[in-house]
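Next come the chains, spelled out residue by residue.
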Amino acid sequence: MFALLPVDMVNGILLQNNVNLPISLGQFYKFFILVFLFFRFCFKAKLLVTSSIIGFLLFLPSVYQSIIGSTDISLFTEVVKITKYLTPFFCFLFFVEFIKKREGYAYRKLIQLVWFSYTVLVINTFIKYIGLGYPAYANGNIGSKGFFFAGNELSALLIIVSAILGFKLWLNGKKKAYYLFLVLNLLAALTISSKTAVLGIILIFFAIPFQKNSFSIKKLLALITSVVVFLPIVFFASWKFIQNSALILRIQFFYEKFDFWTFILSSRNTFLKKSFDTYWNEYTILEKIIGVGRAKYEYLNENKIVEMDIIDIFFSYGFLGVAIFIGMMVLLLMQAKRFWKTGDYPFASLVLLMIGILLLISTMAGHVYGAGMSAVFIGLLFSLVYVKQNATNSYLMK
């Protein structure tokens, strides 16, 4: 898993130079990891049964398409598409088992994985300033995605890994380092040129200091001070950065072209209407219930998906897919809340916060739960809810 982002860099270089393989290097590597995770599950009956059932249910619409003789997609293509949704779930199961068995050692390894991946991500973001990498938007040379290909997935990845590391800094009592880390991540988000990343970073880093299971007048005053004083400063500095970059031209162009909500949602409301038209006119009654699979959903909409995760899940896997997704989030929320109340699981409060923030981002901007780059780190983030205080004590101050 340490090689995930370096492999994605090589994959990006190949794709940018029009080296198109039957299956991209990045997809192959993630599929390779998923197979090994499933192999590990074969030695744990509970994990094997759980992963097999979820995998079968998501694959069911594609099996149906194969039975009725649909020629629009291949089962191989659908397997590749499904892995994007299975990877966070499989990684969560794997990391939870790893944490329960190895505790302190597992925690150290997971934090090392996050630090390494964060470093690779940030270096790729900032190499724009020395004339390397690729722009996030080729038209106008706007933003930066380093040597990665899927620039629209960088926002969620940055938010996830920076939240884990920022929370750890705050737990360590390193407040100066925490706020410097906030500035670094805000600069990275602005360099990527993603309003999702900017707002996500601001929201998370202002919320983390208030995640303790206690209340005091001092904390309330600190919150009010942050909102009244520091938040406007952050927004003003971000706006000045945008005004002095080519991104302002892109913002002005789309703001003048679209109405307010179409501008805010980056035309996702328009894609939503078109996808619903396809749903009502092209799907059979059974397909309206179980979906048609991700590959055929993209085919029917000329590869212009809505980019709102729960909506794309619905059009791909129907009511069953949405029920699985919501059910998992509810169970995780209940577990995190229960652990948070005990006070023995330091990351429970972060997981509670991130469940809400990632659901908001995935609904408004997409590219979270169906994003290949962030899939492993979503599973890792949520698995940290099982890290006990005694497992962190020997490492938190290092």
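Refer to the preceding data block for the structure.
This one's a predicted model, so the numbers in the text were calculated from it and none came from an experiment.

### Digging into the overall build of the protein
Of regular secondary structure, the protein possesses 18 helices and zero strands. Among the 398 residues that make up the protein, the fraction classed as buried is 49%. Taken as a whole, the protein presents about 19,300 Å² of accessible surface, with 68% of it coming from carbon and sulfur.

### Brief notes about the layout of surface pockets
Its volume calculated, the second largest pocket comes out at about 880 Å³. Around the second largest pocket, the lining is made up of 30 residues, and of these T50, F89, F92, L93 and M328 lie nearest the centre. Where the lining of the second largest pocket is concerned, the elements lending two or more residues are helix 3 (45-67), helix 4 (75-102), helix 15 (309-342) and helix 17 (375-383). By residue number, the principal contributor to the lining of the second largest pocket is helix 15, which donates eleven residues. Its residues placed into classes, the lining of the second largest pocket shows 23 nonpolar, three polar and four charged.

### Concerning empty space enclosed by the protein
In the structure shown here, the tally under the stated rule is one cavity of 30 Å³ or more. In this structure, the largest cavity occupies an estimated 40 Å³ of space. The set of elements that each furnish at least two residues to the lining of the largest cavity consists of helix 2 (25-41) and helix 4. Per-element accounting of the lining of the largest cavity gives the leading share, four residues, to helix 2. Tallied by class, residues from the lining of the largest cavity come to five nonpolar, one polar and one charged.

Conventions we followed
Residues numbered from 1 in each chain as written. Predicted model: local features only at pLDDT ≥ 70, side-chain atom pairs only at ≥ 80, totals over all residues. Heavy atoms only, no water. Helix = DSSP H or I, 4+ residues; strand = E, 2+ residues; numbered from the N terminus. Buried < 20%, exposed > 50% of the residue type's maximum accessible area, 1.4 Å probe, protein only. Areas by Shrake-Rupley, 256 points an atom, 1.4 Å probe, with all protein chains shown as cover. 1 Å grid on protein atoms, 1.4 Å probe; cavity = no way out; pocket = protein on both sides within 12 Å on 5 of 7 lines; lining within 4 Å. Points joined across faces, edges and corners; volume = space filled by probe spheres on them. Nonpolar A, V, L, I, M, F, W, Y, C, P; charged D, E, K, R; others polar.

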